[in-house]
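What follows is each chain in one-letter form.
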Amino acid sequence: MMKYLKLLLWPFSLLYGGVTVARNILYDKGTLTSTRFDLPVIAVGNLTVGGTGKTPHVEYLLRLLQQYKVATLSRGYKRQSKGFLLADGQSTAAILGDEPYQYHRDFQGVAVAVSEDRVAGIQKLQQLVPELAAVVLDDAMQHRPVQPSLNILITDYNRPFYKDFVLPAGLLREPRQGAARADAVIMSKCPLQLDMQEQGNIRSEIEKYTAPDTPVFFSAFVYGAPVAIGLPVAPTQKVVLLTGIANAQPLKEYLASDGYKMVHHLEYPDHHQYSAQDLQKLKQLLQQPVFSGATILTTRKDAVKLAGPELESLTKKLPVFYIPIVVQLLGLQERFDQLVLQHVRQFQKPITQ
């Protein structure tokens, strides 16, 4: 059935892909303006609609560059605001958007900003942030008005771009050849034990679309112990999973492999803005006999909204925990780190203490 549906949608994919290719050609030829800046601008993006794990990789970069004054800039997807905003003590997930608010909560030394116009956003950051040494652009692979100094493409092990198709027949935002703009490629969400032979096979497929000598890296998610944001109780193995992310499957697989018994998955759309009614529904759910003794597990992305100023008082009454996620490079970590650090050093020196 899906095969026939893709065939029916194929003409629309050709049309959509043709438009994106024409747009890219106009940028490549200079007909459309692309601005380059005098500081390192590191873009993290993908070719695919949906979650490929960009956020944990942005966080990896922020930790890697902690010796520098760094800013992050994104459009703030589905935020309830417009224009340029620099995060401060009054910021919320609704105002900034999910991921920017998460960066703001977790990286106190990082300037976090949102702007639909990324060129103007970088210019404002240069004006407002003293000693700014680098900007990390979140989800900017297709934002051609900015010419990044380092372009990092993330692709999902479970749905690599080289096996996908352009919208609407597939999930690609542009044809696979867009990977040629990448300065480095990271295949995310890999198994921790991904062997060298499979890495080599994958690398060969990716290199069909990238520029010569573009390095390819592999990363996996490492899950930590549950962190409480609600009632100060011990987490149990019996859990209700609460998510508002693009793809919860890797987390569900981890929970199953680590001995958790998931009795229910309360699944909301990506970037869901939680309400008091949502938490009331969750409270009523836990009162049912089948859920007796269960604790609530969620993601860090969801947790920053649940523990935000609007809902914190309600969340504190529930046994809610989030599962931390960090990125682990599978070999070649030192090479990747040096690639990024040497790139930044070309522009500026570390901040003097």
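Preceding block: the structure.
Note that this is a predicted model, so its numbers are computed, not measured.

(A) A look at the overall build of the protein chain. For the protein chain, the helix and strand inventory stands at 11 helices and 14 strands. Taken against the 2.2 N^0.38 rule, which gives 20 Å for 353 residues, the C-alpha radius of gyration of the protein chain at 21 Å falls within 12% of a compact globule. If one aligns the C-alpha atoms of the protein chain with their principal axes, the spans along those axes are about 65 × 55 × 40 Å. Across the 353 residues of the protein chain, 52% fall into the buried class.

(B) Expanded view of the sheet that holds strand β11 (residues 261-267). Pairing within the open sheet is mixed, and its five strands lie in the order β9-β13-β12-β10-β11. The open sheet has two edge strands with one neighbour each: β9 (227-228) and β11. Examined bridge by bridge, strand β10 (residues 238-243) and β11 share six bridges and lie parallel to one another. Among the inter-strand pairings, leucine 242 is bridged to a residue of β11, identified as leucine 266. The strands that helix α7 (residues 249-257) touches are β10, β11, β12 (295-299) and β13 (320-323); relative to β10, the one it contacts most, it runs at about 170°. Of the strands in this sheet, β10, β11 and β12 touch helix α8 (residues 276-286), which is tilted by about 165° from β10.

(C) Region of interest: helix α4 (residues 98-106). Counting buried positions along α4 gives seven out of nine residues, so the element sits mostly inside the fold. Those residues of α4 that sit buried are Asp98, Glu99, Pro100, Tyr101, Gln102, Tyr103 and His104. Tucked into the core, α4 has its buried residues touching α2 (54-64), β2 (70-74), α3 (93-96), β4 (111-114), β5 (134-138) and α9 (300-306).

(D) Highlighting the sheet that holds strand β14 (residues 325-329). With mixed pairing, the nine strands of this open sheet are ordered in space as β3-β4-β2-β5-β1-β6-β7-β8-β14. Each edge of the open sheet is held by one strand with a lone partner, namely β3 (85-86) and β14. In this sheet, β5 lies alongside β2 in parallel orientation, the contact comprising four bridges. Bridge pairing in β5 places valine 70 opposite alanine 134. Along the sheet, helix α6 (residues 196-206) contacts β7 (184-188) and β8 (216-223); its crossing angle with β8, the most-contacted strand, is approximately 125°.

(E) Representation of the layout of surface pockets in the model. Of the voids in this model, the largest pocket is the one considered here, and its volume is about 1,100 Å³. Lining of the largest pocket is provided by 46 residues; of these, Gly51, Lys54, Thr55, Glu99 and Lys301 occupy positions nearest its centre. Listing elements by their share of the lining of the largest pocket, those giving two or more residues are α2, α4, β8, α7, α9, β13 and β14. Class assignment for the residues of the lining of the largest pocket results in 18 nonpolar, 13 polar and 15 charged. Reported here for the second largest pocket is a volume of approximately 330 Å³. For the second largest pocket, the lining is made up of 15 residues, of which Lys189, Cys190, Tyr223, Pro250 and Glu253 are closest to its centre. Elements that contribute at least two residues to the lining of the second largest pocket include exactly β8 and α7. Ranked by the residues each element gives to the lining of the second largest pocket, the list is headed by α7, at five residues.

(F) Main features of the pairing of β12. Counting buried positions along β12 yields five of five residues, so the element is predominantly enclosed. Every second residue of β12 is oriented toward a common face, with Thr295, Leu297 and Thr299 on one face and Ile296 and Thr298 on the other, all of them buried. Pairing between β10 and β12: four bridges, direction parallel. In the sheet register, leucine 242 faces β12, and the bridge partner there is threonine 298. Examined bridge by bridge, β12 and β13 share four bridges and lie parallel to one another. Paired with threonine 298 across the two strands is tyrosine 322, which belongs to β13.

(G) Seen up close, the pattern of salt bridges. All chains considered together, the criterion is met by 11 salt bridges. Linking arginine 144 and aspartate 28 is a salt bridge whose minimum nitrogen-to-oxygen distance equals 2.8 Å. With arginine 144 in the loop between β5 and β6 (150-156) and aspartate 28 in helix α1 (residues 2-28), this pair connects stretches of sequence that are 116 residues apart. Note on arginine 144: relative accessible area 10%, which makes it buried. Two residues, aspartate 139 and arginine 173, come together in a salt bridge whose shortest N-O distance is 2.8 Å. Of this pair, aspartate 139 sits in the loop between β5 and β6 while arginine 173 sits in the loop between β6 and β7, and the two are 34 residues apart along the sequence. The class of arginine 173 is buried, set by a relative accessible area of 19%. Salt bridges sharing common partners tie together Glu99, Asp270 and Lys301.

(H) Region of the structure containing the side chain of glutamine 102. Mapped onto the fold, glutamine 102 is located in helix α4. Residue contacts for glutamine 102: discarding those within four places in its chain leaves Thr55, Glu59, Arg300, Lys301 and Val304.

(I) Local environment of empty space enclosed by the protein. Going through the model one piece at a time under the given rule, you end up with one cavity of 30 Å³ or more. What lines the largest cavity is simply Val44, His57, Tyr60, Leu61, Ile152, Ile186 and Phe336. Looking at the lining of the largest cavity, the element that brings in the most residues is α2, giving three residues. Residues of the lining of the largest cavity, tallied by class, amount to six nonpolar, one polar and no charged.

Thresholds, definitions, all that
Residues numbered from 1 in each chain as written. Predicted model: local features only at pLDDT ≥ 70, side-chain atom pairs only at ≥ 80, totals over all residues. Heavy atoms only, no water. Helix = DSSP H or I, 4+ residues; strand = E, 2+ residues; numbered from the N terminus. Rg over C-alpha atoms; globule rule 2.2 N^0.38 Å. Buried < 20%, exposed > 50% of the residue type's maximum accessible area, 1.4 Å probe, protein only. Pairing = 2+ DSSP bridges. Contact = heavy atoms within 4.5 Å. Axes fitted to C-alpha atoms, helices over the stretch in contact; angles between N-to-C directions. 1 Å grid on protein atoms, 1.4 Å probe; cavity = no way out; pocket = protein on both sides within 12 Å on 5 of 7 lines; lining within 4 Å. Points joined across faces, edges and corners; volume = space filled by probe spheres on them. Nonpolar A, V, L, I, M, F, W, Y, C, P; charged D, E, K, R; others polar. Salt bridge = Lys/Arg side-chain N within 4 Å of Asp/Glu carboxyl O.

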